[in-house]
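What the coordinates show
What follows is each chain in one-letter form.
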Amino acid sequence: MTLHIDNLSVKYGSVQVLTDISFSLAKGEVLCIIGPNGSGKSTLIKTLAGILDPFSGSLCMDNRNLDEITKNEKAKKIGYVPQDFQYLTSATVLEAVILGRRPHVQWSLTQNDLDKVDAAMNQLNIMPMSEKMLTELSGGERQRVFIARAIAQEPEYYLFDEPTSALDIRHQIEVFSMIRKISGSGQKSVLVAVHDLNFAYHYADRVMLLDGGRIVSIGTRDEVMTEEHIISVYGVPMQFITTDAGRYVLPDWKRAGETISM
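Here is a short report on the structure shown in this document. (Residues numbered from 1 in each chain as written. Predicted model: local features only at pLDDT ≥ 70, side-chain atom pairs only at ≥ 80, totals over all residues. Heavy atoms only, no water.)

1. Section: the pairing of strand β9 (residues 206-211)
With four bridges joining them, strand β3 (residues 30-34) and β9 adopt parallel strand pairing. Along β9, the bridge assignment pairs I33 with M208. Relative to strand β10 (residues 214-219), β9 runs antiparallel, the two being bridged by five bridges. The partner of M208 across the bridge, within β10, is I218. Adjacent in sequence and paired antiparallel, β9 and β10 are bridged by two residues, among which G212 carries a positive phi angle near 60°. (Pairing = 2+ DSSP bridges. Helix = DSSP H or I, 4+ residues; strand = E, 2+ residues; numbered from the N terminus.)

Structural data, given as structure tokens:
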């Protein structure tokens, strides 16, 4: 059972943002999307989440077109974590996470629903702040709340739009470790847009490199994250370093500064 995207194109008005995007997301897979700002990462995530309408192409989940699936059924299948939830600013942390159970609730919350909420909050270490308003939290704390909300939702497919952008290094590692755990059963899949190339390299099963709204390359980390691809797409000199802890991609700070200043 997979999520299939075939020849997807998306426009903002008359501006083409994504062009001929085709790939599949298999069960149990973590697929990281990388690419520079404006490459289309967030647009792709939002389109799959149903926030943006495609201009052309097809999106199918488990051999069914997404257009044929009801909103409630889709919410049970797909969990979306944006960079921020502007419309939840008047909610408490607990209320925000409880919203993740809404697709499963017919009349009122059951003890099972509350248990799922508690488990998600404990997993993200946000239980002590349950009564705080979202407006009282830092950006990183809010991001952990939204991730807990998606976990409480128990979808089959998770869509993360730069989930670690506001987090410190400890919580970044915790989130990506959690992403690996989500997919570890082989029943859940994760599509995650990331800025940090090293998180993509060390946590992804496959990597998709976008540039200018098109797929430059998709495959294993070693197939996609080559020196030729990364330097060409990001436009700055990079260093590829192998240590006892693995392979890392780092900017060549001096040469990059000289290149940009020119």
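2. Re the sheet that holds strand β4 (residues 56-61)
Strand order across the open sheet formed by four strands is β2-β1-β4-β5, with antiparallel pairing between neighbours. Bordering the open sheet on either side are β2 (15-26) and β5 (64-65), each of which pairs with just one other strand. Here strand β1 (residues 2-12) runs beside β2; their pairing, made up of eight bridges, is antiparallel. When the sheet's bridge partners are listed, H4 is paired in β2 with S24.

3. A short note on the environment of Y158
As for its placement among the helices and strands, Y158 is situated in strand β7 (residues 157-161). You can call Y158 buried: its relative accessible area is 4%. Once the C-alpha coordinates of Y158 and K41 are considered, the two residues, 117 residues apart in sequence, prove to be 15 Å apart. (Buried < 20%, exposed > 50% of the residue type's maximum accessible area, 1.4 Å probe, protein only.)

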